[in-house]
Amino acid sequence: MNAQMTPNGIGAQFKPVRLFGKEAINTYRVVPSLASADGSVKSGKDLVIFQGDPLKVAQSNSAVLEDAFKDFTRAYADGRRLRLIAPISTYALVGKAGATLMVNAIKVLPGEVRANIIIELYDFPPQMAMNTLEDCMVLLFPFFENYIAQPSADMDDYTVFANCNMMGVSLDMDGQEQTGEAAEKMMKNFWAQGTKRRLKLFFEGLNEAAALETANRYEAMGVDGALIGEDLDTLVE
């Protein structure tokens, strides 16, 4: 359990990410994690998704980011030069109260380390329009340069992400079938839509060799999951 995570509270763990063409791991994806009183820990983005109240999403999301950013800052102070992929629900940026919580969490990061952060936007509304995405990114532009998006499962056109100058898109396969014809089709469609818009590809939560082989064949920019490495409680050595 991360030092900043309290029992019955939400915090962050770190999933190693292997970048294309690199053997050494220097990038980690933030994973929301919830510790229970019995010592068990649940993790995943589904802990921080919109369920009717944008402020509640912002409260959870900001707690995850603050936990991760404090740990990342300590690792940086110790001389570790790492990259971090940090997830932000689009709903967490809706409304003044939620946006304030998110900005306060971001301000935990010293200015000199913000260039090492990739923001992963996810949890999009059903009708995703460019102005919706731009409204989210306007709040983040003063702090970060690099962005990827995790398209909703029903999205079949990634033009909006390319038009907002995002660097890539991600496909979360955690908990999904990763072998067989259906998995191959899903990964191929993701690859086709991403490369059509010249977006880099990130495959998350891989636990099957066949899925990892497919991701490598599609020259994924980054891959993570059980086959790459176990989640870490802290980046501080």
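Cut-off values and rules
- Residues numbered from 1 in each chain as written.
- Predicted model: local features only at pLDDT ≥ 70, side-chain atom pairs only at ≥ 80, totals over all residues.
- Heavy atoms only, no water.
- Helix = DSSP H or I, 4+ residues; strand = E, 2+ residues; numbered from the N terminus.
- Rg over C-alpha atoms; globule rule 2.2 N^0.38 Å.
- Buried < 20%, exposed > 50% of the residue type's maximum accessible area, 1.4 Å probe, protein only.
- Contact = heavy atoms within 4.5 Å.
- Areas by Shrake-Rupley, 256 points an atom, 1.4 Å probe, with all protein chains shown as cover.
- Lys, Arg positive; Asp, Glu negative; His and termini not counted.
- Charge placed at Lys NZ, Arg CZ, Asp CG, Glu CD.
- Core = buried A, V, L, I, M, F, W, Y, C linked by side-chain atoms within 4.5 Å.
- Polar contact = N/O pair within 3.5 Å; in protein donor to acceptor, adjacent residues only side chain to side chain.
- Expected span 1.5 Å × (residues − 1).
- Arc of directions from axis to C-beta.
- Pairing = 2+ DSSP bridges.

1. Here we look at the overall build of the chain
Okay, so step 1: Scanning the chain from N- to C-terminus turns up 6 helices and 9 strands.
Okay, so step 2: For 237 residues, the compact-globule formula gives about 18 Å, and the C-alpha radius of gyration of the chain, at 17 Å, lands near that figure.
Okay, so step 3: For the chain, the residues scored as buried account for 48% of the 237 residues in total.
Okay, so step 4: For the chain, the proportion of contacts with a sequence separation of at least 24, taken over those separated by at least 6, is 66%.
Okay, so step 5: A total of about 11400 Å² of accessible surface is found on the chain, and carbon and sulfur atoms cover 49% of it.
Okay, so step 6: Here the chain contributes 22 positively and 31 negatively charged side chains, and the mean placements of these two sets differ by 5 Å.

2. Observations concerning unusual backbone geometry
Okay, so step 1: Look at aspartate 123: it is not a glycine, yet its phi comes out positive at around 60°.
Okay, so step 2: By the secondary structure assignment, aspartate 123 is in the loop between strand 5 (117–122) and helix 3 (130–140).
Okay, so step 3: Although it is not a glycine, arginine 198 sits at a positive phi angle of roughly 60°.
Okay, so step 4: Here arginine 198 shows up in the loop between helix 5 (181–196) and strand 8 (200–204).
Okay, so step 5: The exposed category is assigned to arginine 198, whose relative accessible area is 79%.

3. Topic: the nonpolar core
Okay, so step 1: Leu121, Leu133, Phe161 and Phe203 are the most contacted members of the largest nonpolar core, which totals 62 residues.
Okay, so step 2: Counting residues per element, this core draws most heavily on helix 1 (residues 54–77), which supplies 8 residues.
Okay, so step 3: The contact partners of leucine 133, leaving out residues within four places of it in the chain, are Leu121, Phe124, Met128, Val160, Phe161, Cys164 and Met166.
Okay, so step 4: Grouped together as the second largest cluster of nonpolar side chains are 6 residues, Val17, Ile85, Ile118 and Ile148 included.

4. Quick notes on the side chain of lysine 45
Okay, so step 1: Take lysine 45: it is sitting in the loop between strand 3 (41–43) and helix 1.
Okay, so step 2: Overall, the relative accessible area of 7% leaves lysine 45 in the buried class.
Okay, so step 3: At a separation of 3.4 Å, a polar atom in the side chain of lysine 45 contacts the side chain of glutamate 120.

5. With respect to the side chain of glutamine 193
Okay, so step 1: Checked against the element boundaries, glutamine 193 lands in helix 5.
Okay, so step 2: Of the residues examined, glutamine 193 reaches a relative accessible area of 15% and is grouped as buried.
Okay, so step 3: Not counting the four nearest positions on each side in its chain, glutamine 193 is found in contact with Asp156, Asp157 and Tyr158.

6. Overview of helix 5
Okay, so step 1: In this model, helix 5 (16 residues) spans 22 Å end to end at C-alpha, consistent with the 22 Å of a helix rising 1.5 Å per residue.
Okay, so step 2: Of the residues making up helix 5, those classed as buried are Ala183, Met187, Phe190, Gln193 and Gly194. With its buried residues spanning 130° around the axis, helix 5 presents them on a single face. Residues Glu181, Lys185 and Lys196 are exposed on helix 5 and point more than 90 degrees away from its buried face.
Okay, so step 3: Packing partners of the buried residues in helix 5 comprise strand 7 (168–172), strand 8 and helix 6 (209–217).
Okay, so step 4: Directly after helix 5, the chain includes arginine 198, whose backbone phi takes a positive value near 60°.

7. Thoughts on the pairing of strand 1 (residues 10–19)
Okay, so step 1: Within strand 1, 8 of the 10 residues are buried, which leaves the element mostly enclosed by the surrounding structure.
Okay, so step 2: Strand direction decides the pairing type here: strand 1 and strand 2 (residues 27–35), joined by 8 bridges, are antiparallel. By the bridge assignment for strand 2, valine 17 is matched with threonine 27.
Okay, so step 3: Bridge count for strand 1 against strand 9 (residues 222–224) is 3 bridges, and the pairing is antiparallel. Looking at the pairing, arginine 18 lines up with valine 223 of strand 9.

8. Some details on helix 6
Okay, so step 1: Of the residues making up helix 6, those classed as buried are Ala211, Leu212, Thr214 and Ala215. Burial along helix 6 is one-sided: seen end-on, the buried residues are contained in an arc of 160°. Away from its buried face, by an angle of more than 90 degrees, helix 6 presents the exposed residues Ala209 and Glu213.
Okay, so step 2: Residues of helix 6 that are buried make contact with strand 1, helix 5, strand 8 and strand 9.

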